[in-house]
Amino acid sequence: MLLPTRIEVRNIRSIPHAVIEPLGDGITALTGPIGVGKSTMFNAVLWACYGEVGGIPGALVQSEMRRTGSGDDEPVEATVEFELNGDTYRAVRRLRSRSRGGKKVEVASAELWINGIEQPQITPSKLTEKVETLTGLSGRAYSGAFFCAQNHLPALAEGTPAEVQRIIEDQTGLSSLTGKIDTARSTAKDAQVAADALPGSVEEVESAQGEVDAAQSEGERLWAEFETAKARSAKTRELWEAARAEHQAVASRQRAATQAQVQLAEAEARIEAVTEQIADLDTEAERLPAVNVEQVKRDAATLRDLIATAQRAQHLVGTAADGVADAGASVAVATEAAGGFSGALDTRLAEATSRLTKAQNDMGALHGEYERLTRAIDTIRASGPDTAECPTCTQRLADARVLLVDLIAQRDATTSRGTATRAAVEETEAQVRDLAAQVKARDEALAEQQRATAAAGTAQARLDATRAEAQKTLTSLTRVTGGDPDDDPAGTIEQGQQQLDATAAQVATADRAATVAEQVTARRAALADLNRTREEARTRAHDVVPDDDVVAAETHATDTHATHSVEEAARQKAETEAKVAAERSRSAEAARDRAAATLEKKAEALTKADTLRHAHQILTALRRDLLADYTATISDAASHLMDQVGGGDHIGVVIDATWVPRVVLATGEERPMRVLSGGEKARAALCLRLGIADQITAGSGAGMVFADEITANQDEGTTQDVVDLIRGLGRPMVLIGHAPQIAQIANRVYVCEKSDEATGTSIGFAGVAQAPVPVP
């Protein structure tokens, strides 16, 4: 099992830096007054190897570990070097302060070295997994096997059966199984009550099925009647539709003949009007002059484009000239603005920023100190004067008032320093903001000067190019108009516009001639269509149907429609009755299905309740068997230890399902541990506690035991009995205590001292008390 050979702590709780090197074949003592942080060295072993382990009193919590006063750049770190199966290991776990989202958080990292070689890709979780694999124990199991808290021995010797049971189940890992059994019992009971309360029965399902069968039989009968009525309705509809079609055909012929007579008269009138229009258009076409319309349009389009281009070019020249003037004015304004700033702004800003960072760091350190002192004060005030304990180690304080007064004075001093530092931070922040604004304004003015100069050059180039392009356009325009290229641009454009107006008149004349020709062609085509329409209308006007034939067809259609209406009403009635019957059948089926589903749900609930009840019984039997096995193993191991150290009249220790620890006398009689004398009680309780450790480690008995104040609150004689027992065990142990007997039996002694909160706890090597006791 794991044997620590070196434990190193940095910036954890009250310890800035400390190292102890436990003996692997003897007893190492860690002594000092109450409240100096001795227990931190024990808890650092558990954290370095396993990380945070919940449910263990005193175990380190990462968010509360950092020593007050340590800098953000200083790591919180625990290192444990240990030997296991002939190999040497070095486990390192550390925290570093980082800023995330404006808040400071502790970020964890880890290292693992095996025989001097660093292992790759070790994260905090992988370090925990590796140690669990090496030892075969979880963090809780390791703590239960090798960490003996100061309240365990009195609780085992004098506690109630419930307290003894809780300690043994917590240390052996059975507490989680007990919780699961309680949960299973409650869940099974709730499931049975819920199942019994559910409705549903076989009789309800059978009754619902009978209603389904009756509804389906009635539905089938009504549906057959509906099919018969539907066939009769369809037959009468065919007869009615045939009579209606015949009547529509006769009426249509009569309407067509009447309409043809009207169309014949209209066609003759329109033929006369169109003939007159053609004569008028022919007369107008003879008066219009002949013009090459396509050429005239091309000339007009060319002249129009040249005029528009020349006008646009002159406008662009004016715009470009305005741009050059505006750019020159912008250059002047930007040059004047850029020259009004001091050249030492950057240096002054850097110095102010450095002062601000230092003041903020001081403020953070003072805030952490104030919070730590406030927690300590609140803890002491919450306890009564007779029950006050040290805020860091839970040791009983002889006089809590002295420590409380000292802590309040420290907090008041911290508050004063914080007020002064906050004022310095606010003043420096204002200086930094002012200098940063000046630097920003200066940089913006220089950039604006550069942009204005570049814009002025661009504007001048644009003006030159625009003027050249405008001159080319005017030259092209004078070639068409016959003017002089050197004339005023406005006069040249006006001359072109006059020539364009004359051309437009020619185009209008040509367009009218083309329009007249097109209208003549269209009128001649319309006249041909009208002649054809007149002949067709004349033919249809002679196909006249007698009125008696129309009346007879209408009467027949009316009679067949009345017959169909009667049959259709009968069909709709039959269909409604069939649908109602089908709906009753569906409702009956739904009711049957609901009854069946309700019965099935109840059956499932009963099955679930039965399964949960069996699960509770299985878990209960498992816990009973495990407790019987564990208590027998613990009793054997504790009795062996009692025999090893010489228990006097006591030859064994017994613990069973009654949870009343007992010692066994040489006569075979058993005596409750709580009625023994102080020394006998402490010796038997320690054997029982180490017996629990042997059960957890499967009887190996190997590994270093860490005992925290196991002689606390004991009289002189009892303390001596416990010390003699520890010496007789011959196991490697690390003891925390302030009793002088602890240091006397130790083979190596370390002393813890704490002068003040700012300095923290120091741990020094006090020498070797005696030669190591061989470990069996």
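What counts, and at which threshold
Here the residue index of a chain counts from 1 through its sequence in written order. Residue-level local features of this predicted model are given only where pLDDT is at least 70; pairs of side-chain atoms are given and counted only at 80 or more, and the full residue set underlies all totals for whole chains, interfaces and linings. The side-chain numbers reported here are obtained from all heavy atoms of the structure, hydrogens and water having been left aside. In this text, helices come from DSSP runs of H or I with a minimum length of four residues, and strands from runs of E with a minimum of two, each type numbered from the N-terminal end. Take the number of residues in a helix, subtract one, and multiply by 1.5 Å to get its expected span. Note on classification: 1.4 Å probe, protein chains only; a residue is buried when its accessible area is under 20% of the maximum for its type, exposed when over 50%, partly exposed between these limits. Contacts: residue pairs with any heavy atoms within 4.5 Å of one another. Pairing between strands requires that DSSP locate at least two bridges from one strand to the other. Only the stretch in contact is used when a helix axis is fitted, and all axes are lines through C-alpha atoms; the angle between N-to-C directions ranges over 0 to 180 degrees. Here a pair means two rings of Phe, Tyr or Trp (six-membered ring of Trp) with centres within 6.5 Å. Their orientation is stacked below 30 degrees between planes, edge-to-face above 60, and tilted elsewhere. Patch criteria: residues need more than 30% relative accessible area and no salt bridge. Like-charged residues are merged within 9 Å; nonpolar side chains of Val, Leu, Ile, Met, Phe, Trp and Tyr are merged within 5 Å. Here the accessible surface of atoms and residues is derived via Shrake-Rupley with a 1.4 Å probe, and residues count as covered only by protein chains that are part of the display. Any carboxyl oxygen of Asp or Glu within 4 Å of a side-chain nitrogen of Lys or Arg constitutes a salt bridge here. None of His or the chain ends enter the tally, which takes Lys and Arg as positive and Asp and Glu as negative. Taken as the charge location is NZ of Lys, CZ of Arg, CG of Asp or CD of Glu. Working rule for angles: under 35 degrees goes down as roughly parallel, over 145 as roughly antiparallel, 65 to 115 as roughly perpendicular, anything else as oblique. Throughout, a crossing is termed right-handed when the near helix is turned clockwise from the far one, and left-handed when it is turned anticlockwise from it by less than a right angle. Asp, Glu, Lys and Arg are counted as charged, while Ala, Val, Leu, Ile, Met, Phe, Trp, Tyr, Cys and Pro are counted as nonpolar; the rest, among them Gly, fall into the polar class.

### Comments concerning helix α8 (residues 293-338)
Working step 1: In this model α8 runs 67 Å from its N-terminal to its C-terminal C-alpha over 46 residues, within 8% of the 68 Å that 1.5 Å per residue would give.
Working step 2: Inspection of α8 places Val-296, Ala-300, Leu-303, Leu-306, Ile-307, Ala-310, Ala-313, Val-317, Ala-320, Ala-327, Ala-334 and Ala-338 among the buried residues, and these make up the whole buried set.
Working step 3: Where the residues of α8 are buried, they touch α10 (400-481) and α11 (489-540).

### Things to note about the pairing of strand β2 (residues 15-20)
Working step 1: Note that strand β1 (residues 3-12) and β2 share 5 bridges and pair antiparallel. Directly across from Ile-12, in β2, lies its bridge partner Ile-15.

### Points about the sheet that holds strand β8 (residues 147-148)
Working step 1: Overall, mixed pairing links the 6 strands, which are arranged β8-β12-β13-β3-β14-β15 in an open sheet. Each edge of the open sheet is held by one strand with a lone partner, namely β8 and β15 (761-767).
Working step 2: Judged from the 2 bridges that link them, β8 and strand β12 (residues 705-708) form a sheet pairing that is parallel. What sits directly across from Phe-147, in β12, is Phe-706.

### Brief notes about the sheet that holds β2
Working step 1: Strand order across the open sheet formed by 6 strands is β2-β1-β4-β5-β6-β7, with antiparallel pairing between neighbours. In this open sheet, the two edge strands, each paired with only one partner strand, are β2 and β7 (117-118).
Working step 2: The pairing of β1 with strand β4 (residues 76-84) spans 7 bridges and is antiparallel. Counted as the bridge partner of Arg-6 is Glu-81 from β4.
Working step 3: Seen against the sheet, helix α1 (residues 38-50) touches β1, β2, β4 and β5 (87-100) and runs at an angle of roughly 80° to β4.
Working step 4: Across the sheet, helix α2 (residues 124-135) touches β4, β5 and β6 (103-114), and the angle it forms with β6 is around 40°.

### What about the packing of aromatic side chains?
Working step 1: Following the criterion strictly, the structure yields 9 aromatic pairs and no others.
Working step 2: Here the aromatic rings of Phe-82 and Tyr-89 are separated by 5.1 Å at their centres, their planes lie at 10°, and the arrangement is stacked.
Working step 3: A relative accessible area of 2% means that Phe-82 is categorised as buried.
Working step 4: Among the aromatic residues, ring-to-ring pairing joins Phe-42, Tyr-50, Tyr-142, Phe-146, Phe-147 and Phe-706 into one connected group.

### Quick look at the pairing of β6
Working step 1: As paired elements, β5 and β6 share 12 bridges and run antiparallel to each other. The partner of Leu-95 across the bridge, within β6, is Ala-108.
Working step 2: As consecutive antiparallel partners, β5 and β6 are separated by 2 residues, and within that stretch Gly-101 has a phi angle of approximately 60°, a positive value.
Working step 3: Here β6 runs beside β7; their pairing, made up of 2 bridges, is antiparallel. The residue of β7 that forms the bridge with Ile-114 is Ile-117.
Working step 4: The turn linking β6 back onto β7 is made up of 2 residues, and Asn-115 within it adopts a positive phi angle of 55°.

### Quick look at a negative patch on the surface
Working step 1: A cluster of like negative charges, contributed by Asp-484, Asp-486, Asp-487 and Asp-488, occupies part of the molecular surface.
Working step 2: Here Asp-486 is to be found in the loop between α10 and α11.
Working step 3: In this structure Asp-486 comes out as exposed when scored by relative accessible area, which is 69%.

### Structural notes on the packing of α8 against α11
Working step 1: Running from N to C, α8 and α11 cross one another at 155°; their axes reach a closest spacing of 9 Å. In this view, α8 runs roughly antiparallel relative to α11, as classed from their interaxial angle. Judged by the sense of rotation from one axis to the other, the crossing of α8 with α11 is left-handed. Between α8 and α11, the contacting residues are Val-293, Val-296, Lys-297, Ala-300, Leu-303, Arg-304, Ile-307, Ala-310, Gln-311 and Gln-314 on the first element and Pro-489, Ile-493, Gly-496, Gln-497, Gln-499, Leu-500, Thr-503, Gln-506, Val-507, Ala-510 and Asp-511 on the second.
Working step 2: Classifying every residue of the contact of α8 with α11 by side-chain character gives 11 nonpolar, 7 polar and 3 charged.

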